[in-house]
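Summary of the model geometry
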Number of protein chains: 2
Amino acid sequence: MLSEFSLIDRFFARRATAPSPRHQDEAATPLGIGDDCALIAPPAGHQLAISTDMLVEGRHFFADVDPNALGHKALAVNLSDLAAMGAAPHAFTLALALPRADEAWLEAFSDGLFALAERYDCALVGGDTTSGPLNICITVFGDVPHGAALRRDAARPGDDIYVSGTLGDARAGLGAIRGEWRVPRGAGWQRALERPEPRVALGLALRGVAHAALDISDGLAGDLMHILKRSGVRAIVDADAVPCSDAVRALPDAARRQCTLAGGDDYELCFTAPAASRDALANIAMRVQVPLTRIGTIESSGAPGIAWRDASGALLSLTLQGFDHFHAD
Amino acid sequence: MLSEFSLIDRFFARRATAPSPRHQDEAATPLGIGDDCALIAPPAGHQLAISTDMLVEGRHFFADVDPNALGHKALAVNLSDLAAMGAAPHAFTLALALPRADEAWLEAFSDGLFALAERYDCALVGGDTTSGPLNICITVFGDVPHGAALRRDAARPGDDIYVSGTLGDARAGLGAIRGEWRVPRGAGWQRALERPEPRVALGLALRGVAHAALDISDGLAGDLMHILKRSGVRAIVDADAVPCSDAVRALPDAARRQCTLAGGDDYELCFTAPAASRDALANIAMRVQVPLTRIGTIESSGAPGIAWRDASGALLSLTLQGFDHFHAD
């Protein structure tokens with residue numbers, strides 16, 4: 001049985017790197033794991049973007065999930081929040097409650113975690129471990145120049161509405177596991193569910209181009225409403241233009257729309273941009289190699305809401321509910 | 001039944017204040033709850049001190065604990081880490097897993113949390129809530145001038161070793177609950193256990209005066225060892241000089257030493273300072289109204305370790321273990 005301190009040391013502290021200094025100022029030497037606090041500072045002219053996410057067994061992942069994938073996802077969902085803000089990943093803290101110190105589990109979990117962290121040069125700078133029902137809480141820190149953050153309150157009438165990648169794969173996979181419908185094997189849903197890829201490069205490229213942005217974690221319908229409410233605007237969205245994989249497209253209409261419009265766990269970006277930015281966005285999509293799809297338009301100011309249309313332009317009457325952790329999905 | 005979003009809004013977002021701007025630069029307007037990330041920046045010439053702590057039912061608190069006290073303690077243990085670093089509290093994030101949305105519990109919890117947060121002008125800037133076994137994870141942010149942080153690796157041979165307040169009350173109270181010994185009612189142990197007071201003003205006053213510092217969360221013996229290991233020095237400590245309340249002093253020697261030297265949950269500061277600072281420290285103790293007690297000396301460099309002595313100067317042979325979340329206490 002490993003003690004708390006040797007466990008932290010073996011699986012986390014040894015693999016943690018000091019955050020990279022971003023100042024000329026020698027006095028601002030950063031400090032990572034091993035003291036009461038980590039010390040970091042954004043570069044001059046930047047702010048620190050901060051987000052925290054808590055993942056709970058049975059709610060965000062199944063008990064038998066591959067721990068390597070879980071390590072990946074726990075950090076990925078946080079990096080996705082940085083991407084949605086246009087912030088560059090810099091560092092993170094990890095708090096972990098574990099029912100027991102299972103070395104094989106910890107090795108796989110930390111491997112998955114650090115593989116993603118190293119890809120984005122994101123240093124583990126502090127944390128906490130305790131015994132308890134499995135719970136993973138990561139807080140992530142990124143850099144964004146003053147005034148450049150992609151905020152939810154910045155949508156303007158006339159803006160196009162875009163989403164990146166495809167939506168609904170994770171929800172389709174969850175439905176397949178639950179027996180709600182059948183999705184072909186190899187349809188990519190397991191990867192979407194277990195190893196979402198944060199759109200970090202896209203988020204950085206959208207600085208100065210997009211107006212409002214967020215990442216789709218609770219379903220497009222509910223998440224887009226956050227932009228509309230904070231910006232005080234309405235939206236028209238072509239429900240059938242929402243991009244999805246072939247496997248999701250093959251589902252019956254109602255199931256497909258449930259997946260693409262209210263699925264959750266997508267971690268794609270939804271953003272608005274003026275029509276004058278269409279060429280710039282086509283170039284960005286090519287450069288960062290992430291498909292971007294225009295799905296609708298921001299309407300005049302007014303009571304926030306979404307008017308859903310189908311491919312023919314006819315109004316749809318949809319009753320969709322975003323993912324809510326205190327209701328059934 | 002409250003939905004996740006109305007719950008966040010009602011008990012947390014409405015009471016959250018935007019973090020106070022600390023820049024002249026208008027572009028650096030801070031952003032709190034309601035976007036993908038919070039945006040903050042330390043004042044010019046400062047670093048951000050960051051700490052995270054996770055509290056789990058049955059491990060850090062009992063299921064029937066007063067939720068108001070729990071809200072206080074969840075933030076207090078994090079502010080204590082800032083204090084140990086000499087950092088001024090600025091903001092925090094809260095991630096919360098709840099078995100159910102119990103309004104009375106949430107109201108009391110948030111009351112206790114915000115009462116302490118407001119006392120230290122520490123703004124809630126982001127968070128996450130989910131259903132799951134009760135788990136509270138707070139990440140806290142403070143400001144400290146470049147080079148002024150009280151680090152664990154800064155103890156020097158010849159330094160005096162100090163602790164603030166009294167040690168062992170929380171552990172004595174826990175022992176009373178467990179039936180290990182009897183502690184008189186009204187002895188203050190319940191307050192020590194449930195409502196520790198972070199030594200924020202003391203930590204700020206120690207900048208430029210103390211060398212190394214940390215907060216005592218896992219017991220003096222284990223925590224002091226962190227300073228010794230990171231500084232590469234040894235210590236001589238007078239076990240009987242370690243300050244304790246009358247109730248703890250009345251315990252049998254072995255129980256008293258277990259409480260004061262290895263108790264945990266004290267949240268007092270342990271720090272080292274050169275002998276030339278004794279007058280300055282006496283003045284600081286008066287000014288911040290926190291008793292400071294000199295308990296030992298940092299010895300020459302060498303294999304880190306603590307030589308315990310009793311009041312007569314005789315060497316003690318103590319087998320003490322710091323609090324470890326993967327072993328029995």
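Conventions and cut-offs
Residues numbered from 1 in each chain as written. Chains lettered and ligands numbered in written order. Predicted model: local features only at pLDDT ≥ 70, side-chain atom pairs only at ≥ 80, totals over all residues. Heavy atoms only, no water. Pairing = 2+ DSSP bridges. Helix = DSSP H or I, 4+ residues; strand = E, 2+ residues; numbered from the N terminus. Axes fitted to C-alpha atoms, helices over the stretch in contact; angles between N-to-C directions. Domains from an automatic or database assignment. Contact = heavy atoms within 4.5 Å. Buried area = accessible area lost by both parts, 1.4 Å probe. Salt bridge = Lys/Arg side-chain N within 4 Å of Asp/Glu carboxyl O. Polar contact = N/O pair within 3.5 Å; in protein donor to acceptor, adjacent residues only side chain to side chain. Least-squares fit on C-alpha atoms with pLDDT ≥ 70 in both. Left-handed = near helix turned anticlockwise from the far one by under 90°. Nonpolar A, V, L, I, M, F, W, Y, C, P; charged D, E, K, R; others polar. Buried < 20%, exposed > 50% of the residue type's maximum accessible area, 1.4 Å probe, protein only. UniProt positions renumbered as here; feature names shortened; annotations may be inferred.

**Regarding the sheet that holds strand β10 (residues 292-301) of chain A**
Residues and elements named next belong to chain A.
- Read from one edge of the open sheet, 6 strands run β7-β9-β6-β10-β8-β11, paired in mixed fashion. The two strands at the open ends of the sheet, each matched to only one other strand, are β7 (213-215) and β11 (306-309). Direction aside, the axes of adjacent strands within the sheet are offset by 25 degrees on average.
- Direction of pairing for strand β8 (residues 233-238) relative to β10: antiparallel, over a ladder of 4 bridges. When the sheet's bridge partners are listed, Ala 235 is paired in β10 with Ile 298.

**Things to note about the domain arrangement of chain A**
Residues and elements named next belong to chain A.
- Assigned domains of chain A: these are domain 1 (4-145) and domain 2 (160-309).
- Its C-alpha centre places domain 1 at a distance of 26 Å from the equivalent point of domain 2.
- Residue-level contacts link 23 residues of domain 1 with 19 residues of domain 2.
- For the pair domain 1 and domain 2, the summed buried surface comes to about 1700 Å²; carbon and sulfur atoms form 58% of the total.

**Observations regarding the interface of chain A and chain B**
- Taken together, the contacts link 74 residues of chain A with 74 residues of chain B.
- Here chain A and chain B share an interface that buries about 5800 Å² over both sides, 60% of which is from carbon and sulfur atoms.
- For the interface between chain A and chain B, the tally reads 4 salt bridges.
- Taken together, the connections running from chain A to chain B amount to 19 residue pairs in polar contact (both at pLDDT 80 or more).
- With 10 residues, the top contributor of residues to the side of chain A that touches chain B is strand β2 (residues 46-56) of chain A.
- Pairing of strand β1 (residues 38-40) of chain A with strand β2 (residues 46-56) of chain B, which is carried by 3 bridges, proceeds in the antiparallel orientation. Looking at the pairing, Leu 39 of chain A lines up with Ala 49 of chain B of β2 of chain B.

**Looking at the relation of the copies chain A and chain B**
- Each copy superposes on the other: chain A lies on chain B with an RMSD of 0.0 Å after a rotation of 180 degrees and an axial shift of 0.0 Å. On this basis, the relationship between the two copies can be described by a two-fold rotation axis.
- An overlap of 100% is found between the interface residues of chain A and their copies at the interface of chain B, pointing to a shared contact surface.

**Quick word on unusual backbone geometry**
- With phi around 55 degrees, Gln 289 of chain A is a residue other than glycine that occupies positive phi space.
- Relative to the assigned elements, Gln 289 of chain A resides in the loop between α10 (278-288) and β10.

**Some details on the packing of helix α2 (residues 67-85) of chain A against helix α3 (residues 103-119) of chain A**
Residue and element names in this part refer to chain A.
- At a minimum axis distance of 6 Å, the contact between α2 and α3 shows a crossing angle of 35 degrees. Taken as a pair, α2 and α3 cross one another with a handedness that is right-handed. Counted together, Pro 67, Asn 68, Leu 70, Gly 71, His 72, Leu 75, Ala 76 and Leu 79 of α2 and Trp 105, Ala 108, Phe 109, Asp 111, Gly 112, Leu 113, Leu 116, Ala 117 and Arg 119 of α3 form the full contact between these two elements.
- When grouped by side-chain class, the residues that make up the contact of α2 with α3 number 11 nonpolar, 4 polar and 2 charged.

**Here we look at the pairing of strand β9 (residues 269-273) of chain A**
Residues and elements named next belong to chain A.
- Extensive coverage of β9 is indicated by the burial of 5 of its 5 residues.
- When β7 meets β9, the two strands line up antiparallel, connected through 3 bridges. Paired with Ala 213 across the two strands is Phe 271, which belongs to β9.

**Structural notes on the UniProt feature "binding site: ATP" (unreviewed entry) in chain A**
Residue and element names in this part refer to chain A.
- Under the present numbering, the feature "binding site: ATP" (unreviewed entry) in UniProt falls on Gly 127, Asp 128, Arg 152 and Ser 217. Spatial dispersion of the annotated residues is evident: they stretch over 91 residues in sequence, and the largest pairwise C-alpha distance comes to 31.3 Å.
- The exposure class of Asp 128 is buried, given its relative accessible area of 14%.
- Structurally, Arg 152 is set in the loop between β5 (135-145) and β6 (160-164).
- Judged by relative accessible area, Arg 152 falls into the buried class, the value being 12%.

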